[in-house]
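Overview (structure and organization)
Here are the chains, one letter per residue:
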Amino acid sequence: MEAFDKFKIWVLFICLICQLGHGFYLPGSYPHKYVVGDYLNVKVNSLTSIDTEMPFSYYSLPFCQPIEGVKDSAENLGELLMGDRIENSPYRFKTYTNESDIFLCQTKPLSGEEFKLLKERIDEMYQVNVMLDNLPAIRYTKKENYFLRWTGYPVGIKIQDVYYIFNHLKFTVLVHKYEEANVARVMGTGDGSEVISTVGKSGSETPGYIVVGFEIVPCSYQHNAGSVKNLKMYNKYPSPIKCDPTTVAMPIKENEPVAFTYEVTFVESDIKWPSRWDAYLKMEGAKVHWFSILNSLMVITFLAGIVLVIFLRTVRRDLTRYEELDKEAQAQMNEELSGWKLVVGDVFRAPSNPALLCVMVGDGVQILGMAVGTIMFAALGFMSPASRGTLITGMVFFYLILGIAAGYVAVRLWRTIFYGDHKGWVSVSWKVACFFPGISFVILTTLNFLLWGSHSTGAIPFSLFVILILLWFCISVPLTLVGGYFGAKAPHIEFPVRTNQIPREIPPQKYPSWLLVLGAGTLPFGTLFIELFFIMSSIWMGRVYYVFGFLLIVMILLVVVCAEVSLVLTYMHLCVEDWKWWWKSFFASGSVAIYIFLYSVNYLIFDLKSLSGPVSATLYLGYSLFMVLAIMLATGTVGFLSSFWFVHYLFSSVKLD
């Protein structure tokens, strides 16, 4: 009956979750209903380029500014860390009202510095990123009968040493009629808009529209200097503007102004609200992506299965062999045979630098927990591309609260190594709280100085630096100390055998043991190198990453393979009477980080060929080093903990004198 009651509780819980899913939209995806004539305000994000990987503010270039002044939109922690700077723009539309030849502004004559900066941004292939109702503008180009999708549009183009700017924008807004009673209608415009419920009023009100697509076509158009002289913002241009994306006509010249115009067309679409991000997610290579991931999963699962079967059969055979012998035969066997049984008095001898090992394992638990939690929530849709910045925010949140797990694991391992002695647990907890964050702080601060020197929006503002330090010392450090306290109070893991006072001499090996340890990282690397390509492309090539379900599967498989590789290597070292397995088990799986870093260098050379300048390359390698360090700690922790469990189980399962 007890089991049945638990089953009923779980069924009710699942039903409740399902009802919540039907009743509410996921964060960042709530539909806004606009009535005909309501203003739609376009926002702008940082200028980005795959050539430099350094974002810059939209208004760092001589573009038109809104009448009410430039205002920052509400940003979360993740947006700031990613270098997003979302601001209002002068572009505004009326819902379901087509407009053409709208004059925006004419800049002052370009100064020498502005002219030089515009040319640099065009040479560096900077893209202008605009968005409407949280949808980035998408641009379609046709190449060899294929339609390519791009987000944003280029600042300009260089043709035969002449620089042209795209100064006329043709917007197309796809809308879908929406008459649901439980959808809120947005009243007003800008950040001060109010959400008013329309429950019970749907029949009496004019049906509204929701934005389901936002397309853009940039054009370079030569305006008549006399025609724009007396025009004000949002006035109609006196003559029709023909937007032809295949030709350019507006060269930029020093001491000459640039006029900007735009047009907007509303098109009613069959696209439903839940499908409006499909155009961004169906990027090129999707079929190859899914096929490659599946192929990788099948191959690695097969290899891991073979390793596991061989491993279990070998260990079981040894255990059965020892258990079937009587005491006299065991004594004779101890004298005659070599193998893992002969290191019984040294296998649990404290490793070199035990505090560092405990700290790295504790930080690895914290990073691994953060990765699992973030990917699971992302796979459930709570951190979709529509929720800009939530992925990074979620990672920071999970990392902070998992400080308690890091402190607990590190201190308990410390006490286990020293047979229950709890002295020094506070020092270990402090080191756990400061080791990985401290290294990360040094790396990010160094890179931040480079970004500050380049005036990039990718630089973390000083105020955010202060906030991150406060989060570190006011949340992460106390939680790590609390975890360390519980680890000090928890019973330590008792070793099944006693350790001799004099260390046993390790026989000379035919090959360096560390060579095998470093080579072991190739198998875990094989589980993720295809997925790694798409992750790197989303970070450095501006593509949208969305297959978090596959990423979760790959991560689970990576954990399994890391555990198996570390177990096999630990067993091999014990069989040749090498009892120094602690650090080797950690780096057997942690060495995958070396191959990831080499892959990052390969990606820089062959895939980011356009990356220009030493600053850009330094930023890339610095962020790659930060990522590789986190992966080493996480995978190394998996290998060490699995090996520790195996060694403990192995020597507690066999009868030893």
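Nothing here was measured: the structure is a model prediction, and the numbers come from that model. (Residues numbered from 1 in each chain as written. Predicted model: local features only at pLDDT ≥ 70, side-chain atom pairs only at ≥ 80, totals over all residues. Heavy atoms only, no water.)

This brings us to the overall build of the chain. Helix and strand counts for the chain come out as 17 helices and 16 strands. Within the span of the chain, comprising 657 residues, buried residues form 47% of the whole. The long-range fraction of contacts in the chain, counting pairs at least 24 apart against all pairs at least 6 apart in sequence, stands at 83%. With an accessible surface of roughly 32800 Å², the chain has 64% of that area assigned to carbon and sulfur atoms. (Helix = DSSP H or I, 4+ residues; strand = E, 2+ residues; numbered from the N terminus. Buried < 20%, exposed > 50% of the residue type's maximum accessible area, 1.4 Å probe, protein only. Contact = heavy atoms within 4.5 Å. Areas by Shrake-Rupley, 256 points an atom, 1.4 Å probe, with all protein chains shown as cover.)

Applying the stated rule across the entire model yields two disulfides. Across the disulfide, C64 is cross-linked to C105 (sulfur-sulfur distance 1.8 Å). Here C64 and C105 share a disulfide; its torsion about the S-S bond, -90°, makes the bridge left-handed. Taken together, the residues C64 in the loop between β1 (39–44) and α2 (77–81) and C105 in strand β3 (residues 99–106) connect sequence positions 41 residues apart. (Disulfide = S-S within 2.5 Å.)

The next thing to look at is the nonpolar core. One finds V347, F640 and F651 to be the most contacted residues of the largest nonpolar core, which totals 87 residues. If you tally residues by element for this core, the top one is helix α14 (residues 548–575), at 15 residues. In this structure, V44, Y58, I102 and A459 belong to the second largest nonpolar core, which totals 57 residues. (Core = buried A, V, L, I, M, F, W, Y, C linked by side-chain atoms within 4.5 Å.)

What follows concerns the confidence of the model for the chain. Taken over all residues, the pLDDT of the chain has a mean of 83, while the share at 70 or more is 82%. The model gives residues 1–28 a pLDDT under 50, and that stretch makes twelve contacts with residues more than four places away or in other chains. Per-residue pLDDT stays below 50 along residues 181–204; that stretch engages in 43 contacts with residues further than four places along the chain or on separate chains. (pLDDT = per-residue confidence, 0-100.)

The end-to-end C-alpha separation of helix α3 (residues 112–123) is 17 Å, in line with the 16 Å expected for twelve residues at 1.5 Å each. For α3, the secondary structure elements touched by its buried residues are β10 (156–159) and β11 (162–165). (Expected span 1.5 Å × (residues − 1).)

Before going further, it helps to examine the sheet that holds strand β2 (residues 87–94). Strand order across the open sheet formed by four strands is β2-β1-β5-β6, with antiparallel pairing between neighbours. Among the strands making up the open sheet, the edge pair consists of β2 and β6 (135–136). Both strand β5 (residues 130–132) and β6 contribute to a ladder of two bridges, which runs antiparallel. In the strand pairing of β6, L132 is matched with L135. (Pairing = 2+ DSSP bridges.)

As a further point, take the pairing of β2. Counting buried positions along β2 gives six out of eight residues, so the element sits mostly inside the fold. Note that β1 and β2 share five bridges and pair antiparallel. Within β2, the residue paired with V44 across the bridge is E87.

Let us now look at the pattern of salt bridges. What the rule picks out here adds up to six salt bridges. The partner of D133 in a salt bridge is R276, and the shortest N-O contact between them spans 3.1 Å. Note that D133 is positioned in the loop between β5 and β6 and R276 in the loop between β16 (259–268) and α4 (278–281), a separation of 143 residues in sequence. Neither residue differs from the other here; D133 and R276 are each classed as buried. Taking the shortest distance from any N to any O, the salt bridge between R504 and E577 comes out at 3.0 Å. Pair noted here: R504 is in the loop between α11 (462–489) and α12 (513–519) and E577 is in the loop between α14 and α15 (582–590), with a separation of 73 residues, a long-range link. Classification of R504 by relative accessible area gives partly exposed; the value is 32%. Here E577 falls in the buried class, since its relative accessible area comes to 9%. (Salt bridge = Lys/Arg side-chain N within 4 Å of Asp/Glu carboxyl O.)

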